[in-house]
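# Architecture at a glance
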Amino acid sequence: MSVRWLIATALVVLVFGVVWAVSAEMYDLSKSTSLEIAAVTAAAIGLPLSWWSFRGQLLDEPPEVAWVTWRRMPSAPALNLPRPKDEARLESAFQPGPRTQVVVLTGPSGAGKTQLAAGYARARIAEGWPLVAWINSGSHEEMVAGLLEFADALSLRVPEEGTPRALERLRRHPPTGTQPSLIIFDGVSDLESIRPYLPAIPGWRVIVTSGAQEASHLGVEVALDLPATTELTAQTGLPESTCRKLGRLPSALDLAVATVREQASGSEPYLDRLRTVAAGQLLGDGQDGSRYEERYPAGSAEAVLVALQDSGFETDKEVRGLLGLLAVLSPSGASRGLLYQSADRVEDTVARLARWSLVSSRMDTDGVLLHELVRRAVDDRLRTDGGLPQAIADAAELLDRSTFGEEQAWDRRAEGDQLVAHIAALSTSAGSVTASLPPETVERVLGLRQWATRQLSAVGDGNRAVELAESIRHECETLLGPEHPDTLAASDNLVIAYVAARRSAEGIPLAEDVLATRERVLGDDHQDTLASHYTLAYAHEYAGHLDDAVRLYDKTYVEYARVYGPDNPQTATVGAALARVRAIAPARAAGRHRTGSAPQRPPRE
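These numbers come from a predicted model, not from an experiment.

Position of Gly565 relative to the elements: it lies in the loop between helix 24 (546-564) and helix 25 (569-589). Apart from residues no more than four positions distant in its own chain, Gly565 is found in contact with Tyr560 and Thr571.

Quick look at the pairing of strand 1 (residues 101-106) now. Across the six residues of strand 1, six count as buried, placing the element largely inside the fold. Side chains Gln101, Val103 and Leu105 project from strand 1 onto one buried face, and the interleaved Val102, Val104 and Thr106 project onto a second face that is buried too. Bridge count between strand 1 and strand 4 (residues 204-210): five bridges; the pairing is parallel. Residue pairing across strands places Val104 opposite Val208, the latter belonging to strand 4. In this sheet, strand 5 (residues 220-223) lies alongside strand 1 in parallel orientation, the contact comprising four bridges. Among the inter-strand pairings, Val103 is bridged to a residue of strand 5, identified as Val220.

Among the residues of helix 15 (residues 346-355), those classed as buried are Val346, Thr349, Val350 and Leu353. What you see down the axis of helix 15 is that its buried residues fit within an arc of 100 degrees, all on one side.

Here the focus is a nonpolar patch on the surface. Together, Ile7, Leu11, Leu14, Val18 and Val22 give the surface a local cluster of nonpolar side chains, amounting to about 400 Å² of exposed area. Counting through the fold element by element, Ile7 comes out in helix 1 (residues 3-26).

For helix 17 (residues 388-402), which comprises 15 residues, the first-to-last C-alpha distance of 21 Å matches the rise-based estimate of 21 Å (1.5 Å per residue) to within 8%. Taken together, the buried positions of helix 17 are Leu388, Pro389, Ala391, Ile392, Ala393, Ala395, Ala396, Leu398, Leu399 and Ser402. Tucked into the core, helix 17 has its buried residues touching helix 13 (317-328), helix 14 (336-339), helix 16 (372-384), helix 18 (413-432) and helix 19 (439-458).

Moving on, we get to the packing of aromatic side chains. Scanning the model with the defined rule gives seven aromatic pairs in all. Seen from their ring centres, Phe404 and Trp451 are 5.3 Å apart, and the 90 degrees between their planes marks the pair as edge-to-face. Within this pair, whereas Phe404 is found in the loop between helix 17 and helix 18, its partner Trp451 is found in helix 19, the two being separated by 47 residues in sequence. For Trp451, a relative accessible area of 7% translates into the label buried. Their ring planes at 70 degrees and their centres at 6.2 Å tell us that Tyr538 and Tyr542 sit as a pair that is edge-to-face.

So, how was this worked out
Residues numbered from 1 in each chain as written. Predicted model: local features only at pLDDT ≥ 70, side-chain atom pairs only at ≥ 80, totals over all residues. Heavy atoms only, no water. Helix = DSSP H or I, 4+ residues; strand = E, 2+ residues; numbered from the N terminus. Contact = heavy atoms within 4.5 Å. Buried < 20%, exposed > 50% of the residue type's maximum accessible area, 1.4 Å probe, protein only. Pairing = 2+ DSSP bridges. Arc of directions from axis to C-beta. Patch = residues over 30% accessible without salt bridge, like charges linked within 9 Å, V, L, I, M, F, W, Y side chains within 5 Å. Areas by Shrake-Rupley, 256 points an atom, 1.4 Å probe, with all protein chains shown as cover. Salt bridge = Lys/Arg side-chain N within 4 Å of Asp/Glu carboxyl O. Expected span 1.5 Å × (residues − 1). Phe/Tyr/Trp six-rings, centres within 6.5 Å; stacked < 30°, edge-to-face > 60°.

Structure, rendered in structure tokens:
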């Protein structure tokens, strides 16, 4: 119960009693009259006190409120280097006043932008700020998943309105309490991509971390420099020569300290090992023949490779498997619940890799994270020794086991958002080595992408569903041909996505083409042909063509009853749709039927 609510209630009761007693004694009023005066007085002060109590409720319980908003934030690293000057620069970048302010942290890759922002957020949580949100923004899928999680925490996501409306509600959500609200977009590559999602209401503080060269057009830029060698030596105990060899990079120094500690070999032998490790093309800028756009200081890649060798990446199946999974899944990290399904000794392996500073965790202790430099090194080693196809196959199998039916799409939407982000990352990795993947892995990745399309459509994220479904359809047509079952399934999913995006009329011609092709290629009794009948009917329904929808649903019901029988659950689903459309025709005439929202998905076996 809120402390402010108790205070407000006590004050109202006290004022009521005092006014009643004073009015009755001093003015010799009747009991009923003095009661009326006391009630009016109590109500007059009770209304503002109620507002004060309501606004302060979150401030009285900041840990609970903050938990649902900051749980994806990185925890403090093992080597948490003090950076008081940078912390002071970040704080001073926010000017007094109620307006929403944006600060962009820039600097070399691995310079500690993420940890500086995370440290600032952790400090604000400790001070009791009620709303602190952490949004991983390395990809659009990650960013949207994080924003939707935040919207869910604030109860701003409604199934009938879809994702765009939820994100707009979040953008216009006022700050809570007397302190500012804080949102952090971490790892942004394209600064303009986040502009549509920045808060539009005064009272927010926004921190963006990015490797962009120019950020002043988005907000106040705070450029970070690498710490001085003498400062790093004092904080880590490593010689200045080692700090220089590692490029003065905090993330590389973290790995070095962990390796020296675990091997108990001293810093000089460690420096000798760094000189013997070949980093290959891990440090490129994307223009010199390497695969990567970000450039890391010399020595940092070598630090990762030494840690990988010593931690058992080449010899321990569990270590290699877990790092391989994390390298091809979403950079925002994987939950322990997901990873536990991949092997028996996951917790022991995570603890081992954490000692070597190769993985870290979120503040909720659930998410397991890889630094981008470690991810790059693992990816490079898997490509070099031919292990990447196996990592992709393992990840695809893991995600396939984690998917769920569309009837659970809304109730498990947060889990679905994260799976969609994982599938997007996995698809990118798979696309880079398609020729090396076995056919069953290629098919499984395609099936996961199809699932992601249906999941997005089912929760009302129509625009993203259309974008994904169009890309899948184009790829299938190019590689498999227009009449291949996978191509037709992709086209059917695109119709569903059009409906979810409130573009049902655009999906009708495509639905007609898919139905005609399936009738010719698969036959009238095939389950996909029957599903196409349903898809065409419900596309007409949500386009507002109710007469056509009734006719098509009626035909579809007859076909399902003929093939599966009248008591089959799929037949019952079609019958319910037919009854629904027949019932809403009068409501539509009265303006009560809302076409365009995501309907029931066509039945599948």
